[in-house]
Amino acid sequence: MELRRRVAALASAGAVVGSLATGFAFASVAVAKSSESGVTFSSQPGVATLLAHYTVSPAGHRGSDISDEESRTVALAPKHGGKDATTDLSAGATSDNTMPEPQGSESELQVASFIGQQASATTCSYFGKGCNPPDMALAASPEFVLQGVNTQYEVLDTSGNVQPGWPVGIQAFFGVPNVTKADGTPCDVAHMSQPFISDPRALYDPIDRRFWAAALQLENGLGIATDCPFKAVYFVSVSQTSDPNGSWNVYEFEMSMGQPFIADYTQLGINRDAVYFSANMFTTDGTRFPYGELFEANKAKMEGGEGGFTADGFFNLRANGPGLTSKTGPFLADTMNPALNIDGSAGGTEVFVDLLDGPDPVSGHFCSSAADSCKGLILWKMTNPVGHDHGGSAPVLTGTYVSNIKPYVFSPPADQPSCNHCVDVLDLRVTATPVVRNGNVYAAWETAINNGTQIVPGIEWAQVHIANAGNENSAESGYYNFSGDTAVSFPALMPDGKGNLVMLFDLMSHTVFPQTRFVIREGDGQFTGQGVLLKAGESSYRPELCGGLIPVCRWGDYSASSFDGEGGIWLAGEYANHYDGIPNPPAFGRNWGTWIGAISVG
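Let me begin by describing the structure that accompanies this report. (Residues numbered from 1 in each chain as written. Predicted model: local features only at pLDDT ≥ 70, side-chain atom pairs only at ≥ 80, totals over all residues. Heavy atoms only, no water.)

### Re the sheet that holds strand β32 (residues 501-508)
Okay, step 1: The four strands lie next to each other as β31-β32-β33-β34, forming an open sheet whose pairing is antiparallel. For this open sheet the edge positions go to β31 (487-495) and β34 (532-535), each flanked by a neighbour on one side alone. Across the sheet, the mean angle from the axis of one strand to that of its neighbour is 30 degrees, orientation sign disregarded.
Okay, step 2: When β31 meets β32, the two strands line up antiparallel, connected through seven bridges. (Pairing = 2+ DSSP bridges. Helix = DSSP H or I, 4+ residues; strand = E, 2+ residues; numbered from the N terminus. Axes fitted to C-alpha atoms, helices over the stretch in contact; angles between N-to-C directions.)

Structure below.
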C-alpha cells in the first residue's frame, strides 16, 4: 500500500539526511517560531549551482520529432499515492458547501475562449506515441499568451492565433543540446538522444512585464536514459522584453547538490526581488523521498542576462510537533509551492505554501479518512533573498503554522461515463501556483469530500493574510464540491483587484465527459453555483484503457492561471477531446485537450 511506502520513506529519512553530513558542511537551522500548537520547523541551507546561462531565440525552431518507442508513460512519481475509492462516508471531510449536479452553464458571462495545445506525438516529443498528463504552463500579457504542455511551448495572440514560428519543442525552447556520454558519443539513441525535459511552468510578471518559464531535465533515473551520465537540473528562462516571440535569457541550475537524487514537480514563483523554484527530491529508482528543496535566484540579473550570482536556498524542510512519534516518523515537507506576487504587496517576502500531508505534526494523522484527517498548512517565508549577491547576509527562511484551515483527506479517483473510480485526481498538494495580491496568498488543492451520499473528489481553497499568518482569524478556507458522483479537481486560483476570486477546475462524472470550468467568488465567503463552462468534454478519457488495462489513468498534474496586468484573468484547463475508437483511436488512446479563456471581473 502507498501509505506503508510513505511510512517506510519517513523512517529511512533520518539515515539519508545523516549521510549528507559526510559530504556537506550544512548545519541544521531552526527556522520557525513556536505556536500554541507546539509546531516548530527546521531546514538546512544549500545552493543550486548555476551551471550555465545563455541566450536563445526559440521561435521557428521546432526541434526533433520522435522515436517510435514508448518505454515510459507516466510523469515522475509523486511522494504519495491517491487513496482507494470508497463509499464509506466516514472516509471524507464533511462538506458544508455541496452544489447540485451541473446542468450546462449558469452564466452568460462573456469569456474570451480558444483551443490550446492537444495530445499528440509532437506535443510530447520524447515518446513516439505521446504522453500524459499535459501539465499546464500559462503566462498572459495584454498582447500575448504563452502556453506550455508536456514538451512543447507555443505563443498565441489574445484572440487565439498561434504566432509565426510556434509551437516550439521544449528542447529548442530552452536551447538544450542532445545528450551524450562522457566521451561525447550519443546516448539514449532509442529516443534520438533527446534530453528528457518535462513538467513545464510559465508565469507573467505584470510589474516588470516579462515572461518566465521553467522545466526540469532528468537523465539516468527512473529507468530513463540509463546509458547517459546522471543529470538533475532545472532550466529557468525569462524573456528579454515583453514580447515572448523574441530572445530569452536561459539559466541552468544543478538540483541534486552532489547527491544521487532526482528533482520532480517543477514549481516556479516570483516577487519584486527574485525568482523562486522548488522541487521534490527522489532517489534515482523513485522508491524514497529524502527531502524537498527550494531556492531563490536574482531576478534583476536574470532579466539582464547576467551571471555573477548564486541560487541560495534550503533543503530537508521539516515540521516538528506533539503528534509526531517514533511510530509516525517525522514530517518531511514536499511541494513547497512558491507564489506568484502580482502586485508587490508582500514586499520582499516570498511565501511557499505547503500542506501538512502526513504525518500531521499536531495529530499524527496520515490524512486517510475523516477520523484520520490532516489540518492546517505551512507558510514558508523567505526574506533577504538577494542580499548575499551584493556582499550582504544570506537569505532567511521561517515557517508559520496556519491552523484555521478546514480538514483534508486523500481523495479517491473520479468517475467518467466509461468507467468508475478510474481517473486520478493526484494527492494532497497545492498543484497550481499560489498567488499573492493585496497582502493575501491564495491556494487550493484536492480533498475527499463527503457530500451526504458518497465520497467524491472535491476542492479546498485557502486565503491567508501574510502579515499576521498564524494568528487567529488570519486565514479562511472552504470546500467546493458537487452532489452525486460529480468530481472536481486541479483548481487554479486568481484574485482580482477588488477582492473577487476566480477558480478554474476540471469536472467529470458518470454522465459528464471530463470538462473544464471556472467559478467566481464575489467578495468574502464561499464559492457557490456550478460555475461557467469553459470547454465541454467530447468523450470519455482513454475509454478503452481506463478502468481496465489501466485501472486509474493519470489526468492533469496541474492547471494554470495568469493576470495580464490590465484586468484580464487568464485560465488554462484540460478536457477530454474527441475519441473515434477502434480502428482510429488517438495515439495510445490519449485524447486530452487544453482550452484557454480570459475574463475581466473587476
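Moving on, there is more to tell.
### A word on the state of the cysteines
Okay, step 1: Inspection of every chain in the model, using the stated rule, returns five disulfides.
Okay, step 2: The residue that forms a disulfide with Cys-187 is Cys-228, at a sulfur-sulfur distance of 2.1 Å. Its torsion about the S-S bond being 110 degrees, the disulfide of Cys-187 and Cys-228 is classed as right-handed. Of this pair, Cys-187 sits in the loop between α2 (170-174) and β11 (196-205) while Cys-228 sits in the loop between β12 (210-219) and β13 (231-239), and the two are 41 residues apart along the sequence.
Okay, step 3: Overall, Cys-187 belongs to the buried group, its relative accessible area being 0%.
Okay, step 4: A relative accessible area of 4% places Cys-228 in the buried class. (Disulfide = S-S within 2.5 Å. Buried < 20%, exposed > 50% of the residue type's maximum accessible area, 1.4 Å probe, protein only.)

### Some remarks on the sheet that holds β13
Okay, step 1: Strands sit in the order β3-β14-β13-β12-β11 across an open sheet of five strands; the sheet is antiparallel. Single-partner strands in this sheet number two, and they are β3 (50-56) and β11. In this sheet, adjacent strand axes meet at a mean angle of 15 degrees when their direction is disregarded.
Okay, step 2: Sheet topology note: the β11/β12 ladder contains eight bridges and is antiparallel. What sits directly across from Leu-203, in β12, is Trp-212.

### Here's the deal with the side chain of Glu-154
Okay, step 1: Within the secondary structure, Glu-154 is located in strand β9 (residues 152-157).
Okay, step 2: Classification of Glu-154 by relative accessible area gives buried; the value is 7%.
Okay, step 3: In this view, Glu-154 contacts Gln-117, Val-145, Leu-146, Gln-147, Val-162, Trp-166 and Pro-167; residues no more than four positions away in its chain are not counted. (Contact = heavy atoms within 4.5 Å.)

### Re the environment of Ser-256
Okay, step 1: Relative to the helices and strands, Ser-256 is located in the loop between β14 (248-254) and β15 (261-270).
Okay, step 2: In this structure the C-alpha to C-alpha distance between Ser-256 and Phe-230, which are 26 residues apart in sequence, comes to 10.0 Å.
Okay, step 3: When near neighbours in sequence (up to four residues on either side) are disregarded, Ser-256 contacts Phe-230, Ala-232, Phe-261, Met-281 and Tyr-291.

### Focus: the nonpolar core
Okay, step 1: Ranked by internal contacts, the top residues of the largest apolar core, which has 59 residues, are Trp-212, Val-236, Phe-253, Val-275, Phe-277, Ala-297 and Met-302.
Okay, step 2: Excluding its chain neighbours within four sequence positions, the residues that come into contact with Ala-297 are Phe-253, Ala-274, Val-275, Phe-277, Met-302, Phe-309 and Ala-311.
Okay, step 3: With 44 residues, the next largest nonpolar core counts Ala-333, Ile-378, Ile-405 and Val-464 among its residues. (Core = buried A, V, L, I, M, F, W, Y, C linked by side-chain atoms within 4.5 Å.)

### So, the packing of aromatic side chains
Okay, step 1: Evaluated as defined, the whole model comprises 28 aromatic pairs.
Okay, step 2: Ring plane angle 85 degrees and centroid distance 4.9 Å describe the contact between Phe-173 and Phe-174, whose orientation is recorded as edge-to-face.
Okay, step 3: Owing to a relative accessible area of 0%, Phe-174 belongs among the buried residues under this scheme.
Okay, step 4: Judged by centre distance (5.8 Å) and plane angle (90 degrees), the ring pair of Trp-461 and Phe-527 falls under edge-to-face. Taken together, the residues Trp-461 in strand β29 (residues 455-465) and Phe-527 in the loop between β33 (515-521) and β34 connect sequence positions 66 residues apart. (Phe/Tyr/Trp six-rings, centres within 6.5 Å; stacked < 30°, edge-to-face > 60°.)

### Side note on unusual backbone geometry
Okay, step 1: For the peptide bond that leads from Asn-132 to Pro-133, omega is -5 degrees, which places it in the cis range.
Okay, step 2: Relative to the helices and strands, Pro-133 is located in the loop between β6 (112-118) and β7 (137-140).
Okay, step 3: The amide bond that connects Gly-358 to the next residue, Pro-359, takes the cis arrangement and shows omega of -5 degrees.
Okay, step 4: Unusually for a residue other than glycine, Asp-188 sits at a positive phi of about 50 degrees.
Okay, step 5: On the accessibility criterion, Asp-188 (7% relative accessible area) is buried.

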